Structures are given as structure tokens and as C-alpha cells.
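Structure assessment
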Amino acid sequence: MNKIVEKEHFSEKVVKLVVEAPLIARSRRPGHFVIVRTGEHGERIPLTIADADIEKGTITLVVQAVGDSSSKICELNAGEYLTDVVGPLGQATHIANVGTVVCCGGGVGVAPLLPIIKAMKQAGNRVISVLAARTKDLIILEDQVREYSDEVIIMTDDGSYGTKGLVTNGIESVIQRETVNQVVTIGPAIMMKFVALLTKKYEIPTVCSLNTIMVDGTGMCGACRITVDGKTKFVCIDGPEFDAHKVNFDEMLMRLRSYN
Amino acid sequence: MSEQITSAPRDAQWREELRKKYTAKERTAIARVKMPELDPAYRVTCNEEVNQGLNAEQAVVEASRCMDCPDPQCMKGCPVSINIPGFIKNIERGDFHAAAVVLKETSALPAVCGRVCPQEKQCESKCLYHKMKKEPVAIGYLERFAADTERESGNTAVPAMAEPKNVKVAVVGSGPAGLSFAGDMAKRGYDVTVFEALHEIGGVLKYGIPEFRLPNAVVEVEIDGLRNMGVKFEKDCIVGKTLSYDNLHEMGFKGVFVASGAGLPRFMNIPGENLNGVMSSNEYLTRVNLMGAGRPDWDTPVLRGKRVAVIGGGNTAMDSVRTARRMGAEVAMIVYRRSEDEMPARVEEVKHAKEEGVEFMTLHNPIEYRADENGRVNMMVVQQMELGEPDESGRRSPVAIEGAIKEIPVDLVIVSVGVSPNPLIPNAIPELEVSRRGTIVINEETMQSSLGDLYAGGDIVRGGATVILAMGDGRRAAAAMAEALEK
């Protein structure tokens, strides 16, 4: 049982939860995720760790209510408990000083992107962050992103905030004006697919962080398998980060619909 | 390993008297008991245990078939050398509690082993009755009877415990190897903590083996028994992730037993294997057994199929195909590349599967899966096989018959072709010696790894074996670790 010590609504369907998990807070690195279960009959779902506080022994999760299980989590309030939180899982992000890094996040993907933005900045990179959402209300964590970014570009589908357009338009505007050494993308699979197509055109190394269906999260079930460079990989233990140019996003998109 | 102290020695007076009670002719004239089973038509509608267990009368009669041999070969067939005639003769004389005590001297989980051990390949395969061309004594049924009777009586035997040593040891994984190690170390007076990655204790006994073969309640009682002995359980804790090997040292653990199991499901790397509706048996069984998929009010979903193909011929394949029948499959088939003779599954599992209407498509191997426009599998392409020369496993190897290819409509495929060791612990402890297959390298006598205080057993060492072999590993590791710590 892990106590929720703080809850904040980013938007109607997106909440931030600060959760007691001292061992995970201590051992997690950017890129890691946890498996969370709510209720004794609950489902196990993966959530990327957005932040951690070793002293307070807490981790931060940002959850979007999309299905029954994520909605249940979003309904919990501070003082209540998550039934199970296990982790940190997956491989940590490889952080290095490569020069200029464009970090692009779509929707709640900005939450797991934040620790990577932070680490990339601390490693000495020039960090340009591109945040994208359908509309203004869905842009999250902008202030925190600004704190660790040299520049922040906001893109909204409806033009209600920042520039009207897709995340790819924002990235391309940077690529056209300066040298970009690496791109990191986290967001909906369809968004990452188009980011990968764009950066492949410019031959810029691109890392994506994938969120697939999982059960155990430790390599046992294989529900999260995807194809990378023609080979089957498990997101939970081989990932969640992969070379975006080698991921078969169409297969991943199809697999995400398994239970729809 | 060879602790010969037993509460039922062969020269005990009661055993000598019992041997004289019937002649050999009288004993051998009795037919082997039949296990009472639920009706197949009923059992595919539910998850109730198929084998109903013997009643006391049946058990006593079956126990009287045992000849109480001077040199019991059955014990040599048992990986943990249970005093088999000792517990059986206690049943014959009606002291069922004493029978359970004898079992617990060597086995941490007798109610589990009595249900899932392949007795026909172990103890029962060595029984004297085979020489007389008769069916062996039903050792497994009797083991289950003794363990169940003790449990149902509420008067469970707590084994003799040594004085607390105040020395902490850690166990990684709460499956059969870990539980058996934990029990043995607790008995020796060690302060034992078991770390489990999942949210339930029991490992494969919970997520893998279905309730119709091993009810969770049976496993739960065994775990409670360990709790009563002072064993602590920490769920949701992954050693190598949540806690490092160094963290365990900082926490004061003087020894670590790694029994993290065979984690990764194998796939065949054939076209279409990542389509929706194709999944590993680990995923399918975990969803249904551990996560409650298919039961009302449980959140986890599972795909259902009308025509389900399970690929493989082992116990896990049988568990999967029988689960599929219970989840509503109209046609549930086993697709196996060799013939039924080579199938690694237990005879009883195959029999039960057939009674439940499972179709056996032996000498066939899938080579491709195809899908509908939504990406859901709807066709399996199979290659017909024939048997060639024996391979390194000693079984005749399957060879493709050229051009003999069939298309079979299916809407769910469960791949059950084995598992590979979970790389989590080896990855987290780079200095640990690991084989090319990814198993932890150990000294077979002591189960000690290349790191002095780290021992390992079960499938992380064997790659894929049985509950009883895993338990035997746990026992050996406990004996060796205790000896090393007491030096």
C-alpha cells in the first residue's frame, strides 16, 4: 500500500500524484517506470515516473484518465492509497552531452519527459523543448520544463496557445535553423511515429519512450512486445526507450488496440 | 541433504507389526485406487479442482498396498528423498497427522507436491509393483491425502524450530524454490525475508498453475505455515531494481538465495506472431490465474476465442488449453510438432485435457499467423511433420514433410514453447557468473554461485523444470548456506 500525499489536477482528465515509495524514489533514474494497481481486483498498469524526492521518499506520477484503471487512479485523493506500486522498472535513459537536444512531449508524455529534460540540461546539453497538445488546457508542466530548457516551443492543434500546428512543425522549425544532435520524444504512439519519420529524413538520432500494454512489467508475460529493427523486443525490460527510427510503430499502434 | 532422522523409522515396532498384518499376496491383490474426479462436462464450466482427493477409507486401503520394502526404490525417485514408506505406513495405521509430520520433515509444500509432481516419472516409476506388471502404489494421491487431511483438521504440524540465531538471510522470489529454502532456514533459526516482485506470494504456484489443478487456497495455507514459522514476506519488491544486492548487504543480510524463476516467454519468431490474439502462455495464465481476468468485478481483461490453438506439449500448454476451454473456447487444440509419445506433459494432464474435449493436433508446427483487417489473428498456417532421428534430448526429432501445409482458422493462439531465464538479476549484478543460456552458474552440490554469499536454485539455474526439483534446490541451498554461515 502506497499513500498518496499530494494530488493536483493538471486538467479535467490529467492528475499529478505524489506517492510514498521511498525505495523506488532512491533507486529510480530518468526513464524508469512503475507498475501500479488499484484495489484488490485491480489491473496492473505501467506509469512512467515523472519525478522523485529521495528525502521525502516520494515519487511523482502523472496519470491521464483514459480507461477504467487509469480513471480509478485519477479518482483517488490525497490521504488514500494505491494498492501496489512496484519498480523502478525498465532501462534508464542514456544521458550524455551530445550538443543540442530537442525534447518533444505530447499530452501527458511531458511528465516522463521532464526528468530527461532535467538530466540532459545537467549533462551540459543545449535543450530545446517542444510541448504539444490539442488545446491550451492540456499543456502541462510548462513552468518546470522552462526551468531546465534553453528554449520552449509550445504547439497546439487549435492554436489556443503557442503556435498552431503539430509537434512535428515545431521540431522542424528548430532543425531548419540550427544543428540538432539528438531528439527525444515521448507522447502518443501516433505522434512518436511522425516525429520519427521527420527526424529520419534529417538523419537525427531519435529516442522514443514507449508505453505499451503490460501485465507484470518484469519480462514475464510478453504483452508489451514490439518489433525493433525486425526483432521482437519487450518494452518492459529492453525498453521503454528505443531508437525511434527502428520501431515498427504501425504494429505497436495495432497492438495497443488489442483490448479495444 | 541426507538427513536420515525421521519420526517413522522402518524398525519401529508399529511398522514391524503392520508389515505382518497382511501377506504380500493380499496386498498385491488390491487394485490401485482411482482418483475421484469432477465430471468433464461440469468442470469445463468452472475453475473447481478436477481431482477431488481420496477419502480416508480409500487412502488406508491404498496405503496397505505398499509393501514397505527394505530398500525402498521410490525414495530414490524422489528429488527430495521423502520417507515415502514412512508416511504411507502411518496412513495405513490411521495416524494421518503423523503421516503429515513425516512429509514435512523433507517437503515444505506436500499439498502442492501431492498435486503437481510428476510422480509417474519419479517415485511411482520406481515402485516394486512395476516388476509384477501391476500399477504402482498411488504415492502422489496419498501424499495429497495426508497433507490435505492435516490442513483440514486445523491441527497443522509446526516443525521443530531451532533457537533464533539472529542472522538475516534474504530470498529472492516466492515460488517453490524460495518457499522451500525459507522454510528450511526458518527451521534452523534464521531470520528469513522473502522478496517477491509480484503483488501475491507464491510465484508460479499462483500465476502459472491454474486453480483447477492447484487451488490458491492450498498454496495460501502453506504460505501461512511459513509465516507462523517467522518467515517475513515483502511483496512488490524486485531485488535488482527496488533493492540492489548492495542494499541487501547494507540491510544486514548475510546470505541471499536467488530463486527468481524462468521469466521470459519464448516465441518462435515466425511471421504474424505479434498479431493481436497471439500471446504467451505466461501472459494468458497470469491474466486468468493471478489477475482474475474473466471473473466478475476483476479489472484485468483477457482475450477470448472460439477457436483456440495452444502451441506446445508441456504442462503449461495443457494448463493453457484447459483454461481456454473454461474461458468458453468451442474448439481448443494442442498443436505439437512431435507425436504424443514425446510430449513432456504429465500423462494425467493429457488425459484430463482429452476428457475436456481438447483436440490434439500432433506432428504439426505453426509457420505463420494471419489476421483480419483489425490485426486480430484469424488463421494459423501449419506445417505437417514426421519423426526423424533422435535429437540431443533423446526424443525423435520432428522433420517437415515438404509441401504438407494446412490453413486452420483460429481466433486466439497461445504460445507455450518454453521460457528463458529472467535476465533481471544477472543484469543487476554484473560480477555474477551466468551461462550462455542466461542461467546462474552454481556449484551443484551447494547451489553456491560465483559470489560467496549468493546461492541460487529453481528455474533461474535450471532454465525450466518442475516444482519438486526447485524445492530440492531450495533445500540443498539452505543446508549449504547454513553450514557456511555456521563455520
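Numbers given to residues run from 1 along each chain, matching the order in which its sequence is written. A letter from A marks each chain and a number from 1 marks each ligand, given out in the order of writing. Restriction of local features to residues with pLDDT of at least 70 applies here, the model being predicted, together with a cutoff of 80 or more for giving and counting side-chain atom pairs; totals for whole chains, interfaces and linings are based on all residues. Heavy atoms from the whole structure form the basis of all side-chain values; hydrogens and water molecules are not counted.

With an omega of -5°, the peptide bond between A:Gly87 and A:Pro88 qualifies as cis. Inspection of the secondary structure assignment puts A:Pro88 in strand β7 (residues 84–89). Note the cis peptide between A:Gly239 and A:Pro240, where omega equals 10°. Helix and strand labels come from DSSP, where a helix needs a run of H or I of at least four residues and a strand needs a run of E of at least two; each type is numbered from the N terminus. With respect to the secondary-structure elements, A:Pro240 resides in the loop between α7 (235–238) and β16 (241–243). If you check the backbone angles, B:Asp236 has positive phi at about 55° while not being a glycine. Here B:Asp236 lies in the loop between β3 (232–234) and α13 (245–250). The backbone of B:Asp297 sits at a positive phi, close to 75°, despite the residue not being glycine.

With that out of the way, let us pick up helix α6 (residues 84–92) of chain B. Residues and elements named next belong to chain B. Buried, partly exposed and exposed residues are distinguished by accessible area as a fraction of the type maximum, computed with a 1.4 Å probe on protein chains only: under 20%, between the cut-offs, and over 50%, respectively. Among the nine residues that make up α6, nine are buried, leaving the element largely enclosed by the rest of the structure. Those residues of α6 lying buried are Ile84, Pro85, Gly86, Phe87, Ile88, Lys89, Asn90, Ile91 and Glu92. We call two residues in contact when some of their heavy atoms are within 4.5 Å. Where α6 is buried, its residues contact α1 (13–21), α2 (24–28), α4 (56–65), α5 (73–76), α7 (96–106) and α9 (139–153). Structurally, the start of α6 carries an N-cap: the backbone nitrogen of Gly86 is 3.0 Å from a side-chain oxygen of Asn83. Of the residues flanking the end of α6, it is Gly94, one or two places downstream, whose phi is positive at about 90°. For this analysis, a polar contact is any N or O atom pair within 3.5 Å, provided that within protein one partner can donate a hydrogen and the other can accept it, and provided that sequence-adjacent residues contribute only side-chain to side-chain pairs.

All right, on to the environment of B:Asn365 then. All names here are of chain B. Locating Asn365 in the fold gives a position in strand β10 (residues 364–371). Assessed through its relative accessible area of 17%, Asn365 is described here as buried. Distance from Asn365 to Val350, taken between C-alpha atoms, is 19 Å for residues 15 residues apart in sequence. Not counting chain neighbours up to four residues away, the residues in contact with Asn365 comprise Met268, Val335, Arg337, Val381, Val382, Gln383 and Met385.

So, about the pairing of β7(A). All names here are of chain A. Across the six residues of β7, six count as buried, placing the element largely inside the fold. A pair of strands counts as paired when DSSP detects no fewer than two bridges linking them. Pairing of strand β3 (residues 33–37) with β7 involves four bridges; the strand directions are antiparallel. Looking across to β7, one finds that Val36 is bridged to Val85.

Residues and elements named next belong to chain B. What the five strands build is an open sheet, ordered β6-β13-β7-β8-β9; its pairing is parallel. Only two strands of the sheet have a single partner each, and these edge strands are β6 (278–280) and β9 (359–362). Pairwise comparison of adjacent strand axes, ignoring direction, gives a mean angle of 20° for this sheet. In this structure, strand β8 (residues 331–336) lies alongside β9, joined through four bridges in parallel fashion. Paired with Val335 across the two strands is Met361, which belongs to β9. For helices, the axis comes from a line fit to the C-alpha atoms of the stretch in contact; other axes are also lines fit to C-alpha atoms, and the angle between any two N-to-C directions lies between 0 and 180 degrees.

Residues and elements named next belong to chain B. In this scheme Phe, Tyr and Trp rings, the latter by its six-membered ring, pair at centre separations within 6.5 Å, and the angle between planes marks the pair as stacked below 30 degrees, edge-to-face above 60, and tilted otherwise. On inspection of all chains with the given rule, the structure shows four aromatic pairs over all chains. Ring centres of Phe96 and Phe145 lie 4.9 Å apart, and the angle between their planes is 85°; this geometry places the pair in the edge-to-face category. Of this pair, Phe96 sits in helix α7 while Phe145 is found in helix α9, placing the two residues 49 residues apart along the sequence. Both residues of the pair, Phe96 and Phe145, count as buried. Positioned over the ring face of Trp14 is Arg93, at 3.6 Å from the centre of the ring. By definition here, charges over rings are those cases where NZ of Lys or CZ of Arg is within 6 Å of the ring centre and within 35 degrees of the ring normal.

A word on the side chain of A:Thr58. Position of A:Thr58 relative to the elements: it lies in strand β5 (residues 58–64). In contact with A:Thr58, not counting residues within four places along its chain, are A:Val5, A:Val18, A:Val19, A:Glu20, A:Ala21, A:Ala25, A:Ala52 and A:Asp53.

Moving on, we come to the interface of chain A and chain B. Reports often express the size of an interface as the amount of accessible area lost when the parts come together. Listed per partner, the contact involves 42 residues of chain A and 41 residues of chain B. Buried surface area refers to the total accessible area, computed with a probe of radius 1.4 Å, that the two partners give up upon joining, counted for both partners together. Across the chain A/chain B interface, buried area totals approximately 3,400 Å², and carbon plus sulfur atoms make up 53% of it. Summed over the three residues of chain A that lose the most area to chain B, namely A:His41, A:Met220 and A:Tyr259, the buried surface amounts to 22% of that side. By definition, a salt bridge exists where a carboxyl oxygen of Asp or Glu is found within 4 Å of a side-chain nitrogen of Lys or Arg. Linking chain A to chain B there are two salt bridges. Across the salt bridge formed by A:Asp84 and B:Lys235, the nearest N and O atoms sit 3.6 Å from each other.

With that settled, consider the nonpolar core. Residues and elements named next belong to chain B. Working definition of a nonpolar core: buried Ala, Val, Leu, Ile, Met, Phe, Trp, Tyr and Cys residues. They are joined through side-chain atoms within 4.5 Å. Judged by nonpolar contacts, the single largest core of 96 residues is most densely connected at Ile84, Phe87, Ile91 and Val192. When residues in this core are grouped by element, the largest group, nine residues, is from helix α19 (residues 467–486). The residues touching Phe87, leaving out its near neighbours within four places in the chain, are Ile82, Ala99, Val102, Leu103, Ile139, Leu142, Glu143 and Ala146.

These figures come from the coordinates and say nothing about function on their own.
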